[in-house]
Amino acid sequence: MPRILLPLVVAALLAACSRSSSEAPTPGPPAGAASVLQMADPQAVPQLLKGFHGVEQGSWRWTEKQFSVALQPPAPGKPATLQLKLSLPDVLIQRLQSITLSATVNGVALPSETYTESGAHVYTQSVPAQALTGASVRVDFSVDKALGPDDSDRRELGVVVSSVGLE
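As the structure is a computational prediction, the values presented were derived from the model and not from experiment.

**Student:** Looking at this structure, how should I read the packing of aromatic side chains?
**Tutor:** Remark: the centre distance and the inter-plane angle together describe each pair of aromatic rings, the angle taken between the planes. Under the criterion given, the structure shown has three aromatic pairs. An angle of 80° between the planes, with centres 5.5 Å apart, marks the rings of phenylalanine 52 and phenylalanine 67 as edge-to-face. Of this pair, phenylalanine 52 sits in strand β2 (residues 48–56) while phenylalanine 67 sits in strand β3 (residues 60–71), and the two are 15 residues apart along the sequence. Residue class for phenylalanine 52 comes out buried when judged on its relative accessible area of 17%. Here the aromatic rings of tyrosine 123 and phenylalanine 141 are separated by 6.4 Å at their centres, their planes lie at 80°, and the arrangement is edge-to-face. Within this pair, whereas tyrosine 123 is found in strand β7 (residues 119–127), its partner phenylalanine 141 is found in strand β8 (residues 137–143), the two being separated by 18 residues in sequence. A residue is classified by how much of its surface remains accessible, and phenylalanine 141, at 3% relative accessible area, is buried. Through a chain of ring-to-ring contacts, three or more aromatic side chains come together here, namely Phe52, Phe67, Tyr123 and Phe141.

Below, the structure written as structure tokens:
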């Protein structure tokens, strides 16, 4: 009996290894990735790498405390401007008092910005050319505080985003 089981176990392990490597694609944007993402655009979804909730009111998404996108540089090797269009609902500022947003582009840290008023804001920062190498760049955002899950909403809520892009 054990001699019969050994080949079956080996075959099952080999099949599992080949399946897992083929089922785990390298993360990143599809060919023809966009430089600017509108949160309501279904074609933007593959470029939303982590930390985004579903589209709400047909135009925006809540984020988590940390969120990331992949963007195509508008002109490889040249500096660009990163713009994140966000909103801070009244309840966020009432409960947290302020929110500090930080970003990195391909690991290069950009200046952070602190918001103390609710409403629409635009986080705008220059991105040096050395951060814009490759067919796409990873932009990681984080906020210092977020609303935690509670009885009214089971999600972590960072900021409301309508668009993000490199221009």
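Back to the text.
**Student:** Can you help me understand the pairing of β8 in this one?
**Tutor:** Regular strands have side chains that alternate between both faces of the sheet. Here β8 shows a clear split, with Val137, Val139, Phe141 and Val143 buried on one side and none of Arg138, Asp140 and Ser142 buried on the other. Sheet topology note: the β3/β8 ladder contains six bridges and is antiparallel. In the sheet register, leucine 71 faces β8, and the bridge partner there is valine 137. Bridge count for strand β5 (residues 99–105) against β8 is five bridges, and the pairing is antiparallel. Across the sheet, threonine 104 pairs through a bridge with aspartate 140, a residue of β8.

**Student:** What is the right way to read unusual backbone geometry from this model?
**Tutor:** What you tend to see is this: most non-glycine residues have negative phi, and most peptide bonds are trans. Of note, glutamine 57 is a non-glycine position whose phi angle comes to about 50°, a positive value. Mapping glutamine 57 onto the fold places it in the loop between β2 and β3. A positive phi is found at glutamine 97, a non-glycine position, where the angle reads about 75°. Note on placement: glutamine 97 falls in the loop between α2 (90–96) and β5.

**Student:** How do you make sense of the nonpolar core when you look at a structure like this?
**Tutor:** Taken as a class, soluble globular proteins show a tendency for nonpolar side chains to be buried jointly. Judged by nonpolar contacts, the single largest core of 39 residues is most densely connected at Leu82, Tyr123 and Phe141. In this structure, phenylalanine 141 is in contact with Lys65, Gln66, Phe67, Val69, Leu82, Leu84, Leu101, Ser102, Ala103, Tyr123 and Val164, ignoring residues within four places of it in sequence.

**Student:** Would you explain the pairing of β3 in this entry?
**Tutor:** For β3, a buried count of nine out of twelve residues is recorded, marking the element as mostly surrounded by other parts of the structure. With five bridges connecting them, β2 and β3 associate as antiparallel partners. What sits directly across from leucine 48, in β3, is valine 69. Taking the residues between adjacent antiparallel strands as the criterion, β2 and β3 are bridged by three residues, where glutamine 57 takes a positive phi near 50°. Relative to strand β9 (residues 160–166), β3 runs antiparallel, the two being bridged by two bridges.

**Student:** Can you walk me through the environment of glutamate 56 in this structure?
**Tutor:** Its location among the elements puts glutamate 56 in strand β2. Accessibility expressed as a relative area gives 22% for glutamate 56, which makes it partly exposed. If we ignore the near neighbours within four places in the chain, the residues touching glutamate 56 are Trp62 and Arg155. In this structure the side chain of glutamate 56 is engaged in a polar contact, spanning 2.9 Å, whose partner is the side chain of arginine 155.

**Student:** Explain the pattern of salt bridges here, please?
**Tutor:** Where charged atoms from two side chains of opposite charge approach closely, those side chains can pair. Here the structure, examined in full by the defined rule, presents five salt bridges. Taking the shortest distance from any N to any O, the salt bridge between arginine 154 and aspartate 151 comes out at 3.9 Å. Take arginine 154 and aspartate 151: they sit in the same class, and that class is exposed. One connected set of salt bridges, linked through shared partners, spans Glu56, Asp153 and Arg155.

Analysis parameters
Residues numbered from 1 in each chain as written. Predicted model: local features only at pLDDT ≥ 70, side-chain atom pairs only at ≥ 80, totals over all residues. Heavy atoms only, no water. Phe/Tyr/Trp six-rings, centres within 6.5 Å; stacked < 30°, edge-to-face > 60°. Helix = DSSP H or I, 4+ residues; strand = E, 2+ residues; numbered from the N terminus. Buried < 20%, exposed > 50% of the residue type's maximum accessible area, 1.4 Å probe, protein only. Pairing = 2+ DSSP bridges. Core = buried A, V, L, I, M, F, W, Y, C linked by side-chain atoms within 4.5 Å. Contact = heavy atoms within 4.5 Å. Polar contact = N/O pair within 3.5 Å; in protein donor to acceptor, adjacent residues only side chain to side chain. Salt bridge = Lys/Arg side-chain N within 4 Å of Asp/Glu carboxyl O.

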